Amino acid sequence: MFYCTLRDQILYLHKDENGFRKNQMSDNLHNAIRIHHSLATKAADYTKKQYVFRLQTADQAEYLFQTSDSKELLSWIDTINFVSASLSAQPLEAAVGSQKKFQRPLLPCSRTKLTLREQLHDHEERVMRLENELDEHQKNPPERGSKSLVVQNYKEKELYLNYELKRYKTYAYILRSRLSQYPDVEISLAENSIGELDEASGVALLEGSSNGIVPPPIPERQSPVINRHPTEKRVPTS
């Protein structure tokens, strides 16, 4: 059982419900997940527990979190995706090598310097480019009898394009929704902190989640303690 605090682009995991404390920074850094360029979705295929969402991060790690109810589940998904869509910087060009191997673009952990509207426009343009690239990719499958490496690269790129298309469509949708609610927002996100959950919310990080940072094992409890205090989400105001 962990309590989580989302601060900027980092999800901190706590062992108690006191939430984020500056004097606990050294401990929190050992149990932190970067959420830049990440995607949170409802884990509909996970049936062992209820109210579970999946967090896929920029380094291709995957985490499963269990929340207390459907409302909290949607709240976490919406907040994580909004912060990722708002603060993630533009991808860098993929590395170029002598071999014809598919390389993913680099996803920097720095914050974007764009405003929300500029960020939305960038996401929408990426959706169009990804749709065209995926369409072109599927029109040119490997020839029969191609080497296994060629087939593997084709499949890997197709999976990548489908995932990125889903991610950027989610980003564009959530920013359009927020901007329709707050039409006067024009401030630069590089100068403002958003998306922080001031009160830690209790969620369970489920065993079996693959990750780059390994948190301590979660003890089994008969009746997990859930922090039921309402969480507060901040959005930029003019």
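In the nomenclature of an unreviewed UniProt entry, the protein chain corresponds to PH domain-containing protein from the organism Photinus pyralis.

Caption draft 1: Representation of the packing of helix H2 (residues 70-87) against helix H4 (residues 148-181) in the model. At a minimum axis distance of 9 Å, the contact between H2 and H4 shows a crossing angle of 95°. What the angle tells us is that H2 and H4 run roughly perpendicular. Only Thr170, Tyr171, Ile174, Leu175 and Arg178 of H4 make contact with H2, whose side of the interface consists of Asp78, Asn81, Phe82, Ser84, Ala85 and Ser86. Counted by class, the contact of H2 with H4 contains five nonpolar, four polar and two charged residues.

Caption draft 2: Representation of the packing of H2 against helix H3 (residues 116-139) within the structure. One way to put it is that H2 packs onto H3 with a least axis distance of 9 Å and a crossing angle of 90°. As judged from the angle between their axes, H2 and H3 are roughly perpendicular. Of the residues in H3, those in contact with Ala85, Ser86 and Leu87 of H2 are Leu116, Gln119 and His123. In the contact of H2 with H3, the residues fall into three nonpolar, three polar and no charged.

Caption draft 3: Main features of the nonpolar core. Counting 19 residues, the largest nonpolar core has Leu11, Phe53, Leu55, Phe65 and Ile80 as the members making the most contacts within it. Elements with a minimum of two residues in this core: strand E1 (2-7), strand E2 (10-14), strand E5 (52-56), strand E6 (62-66) and H2. Among the elements that make up this core, the one with the highest residue count is H2 (six residues). Non-local contacts of Leu11, meaning those with residues more than four positions away in its chain, are made with Cys4, Thr5, Leu6, Asn31, Ala32, Ile33, Ile35, Leu55, Phe65 and Trp76. In this structure, Leu134, Leu165, Ala172 and Leu175 belong to the second largest nonpolar core, which totals 17 residues.

Caption draft 4: How the structure looks around the confidence of the model for the protein chain. In the predicted model, the protein chain carries a mean pLDDT of 78, and the fraction of residues at 70 or more is 69%. In the predicted structure, residues 187-199 sits below a pLDDT of 50 and forms 47 contacts with residues beyond four places in sequence or in another chain. Note that pLDDT drops below 50 for residues 210-238; the model gives that stretch 65 contacts with residues more than four away or on any other chain.

Caption draft 5: Representation of H2 in the model. Taking 1.5 Å as the rise per residue, H2 with 18 residues should run 26 Å; its terminal C-alpha atoms sit 26 Å apart, in good agreement. Burial analysis of H2 places 14 of its 18 residues in the buried class, the great majority of the element.

Caption draft 6: Representation of the UniProt feature "coiled-coil region" (unreviewed entry) in the protein chain. Mapped onto the present numbering, the UniProt feature "coiled-coil region" (unreviewed entry) falls at residues 113-140. Across residues 113-140 one finds 86% helix and 0% strand; the C-alpha atoms that close the span lie 37 Å apart.

Cut-offs and rules
Residues numbered from 1 in each chain as written. Predicted model: local features only at pLDDT ≥ 70, side-chain atom pairs only at ≥ 80, totals over all residues. Heavy atoms only, no water. Axes fitted to C-alpha atoms, helices over the stretch in contact; angles between N-to-C directions. Helix = DSSP H or I, 4+ residues; strand = E, 2+ residues; numbered from the N terminus. Parallel < 35°, antiparallel > 145°, perpendicular 65-115°, else oblique. Contact = heavy atoms within 4.5 Å. Nonpolar A, V, L, I, M, F, W, Y, C, P; charged D, E, K, R; others polar. Core = buried A, V, L, I, M, F, W, Y, C linked by side-chain atoms within 4.5 Å. Buried < 20%, exposed > 50% of the residue type's maximum accessible area, 1.4 Å probe, protein only. pLDDT = per-residue confidence, 0-100. Expected span 1.5 Å × (residues − 1). UniProt positions renumbered as here; feature names shortened; annotations may be inferred.

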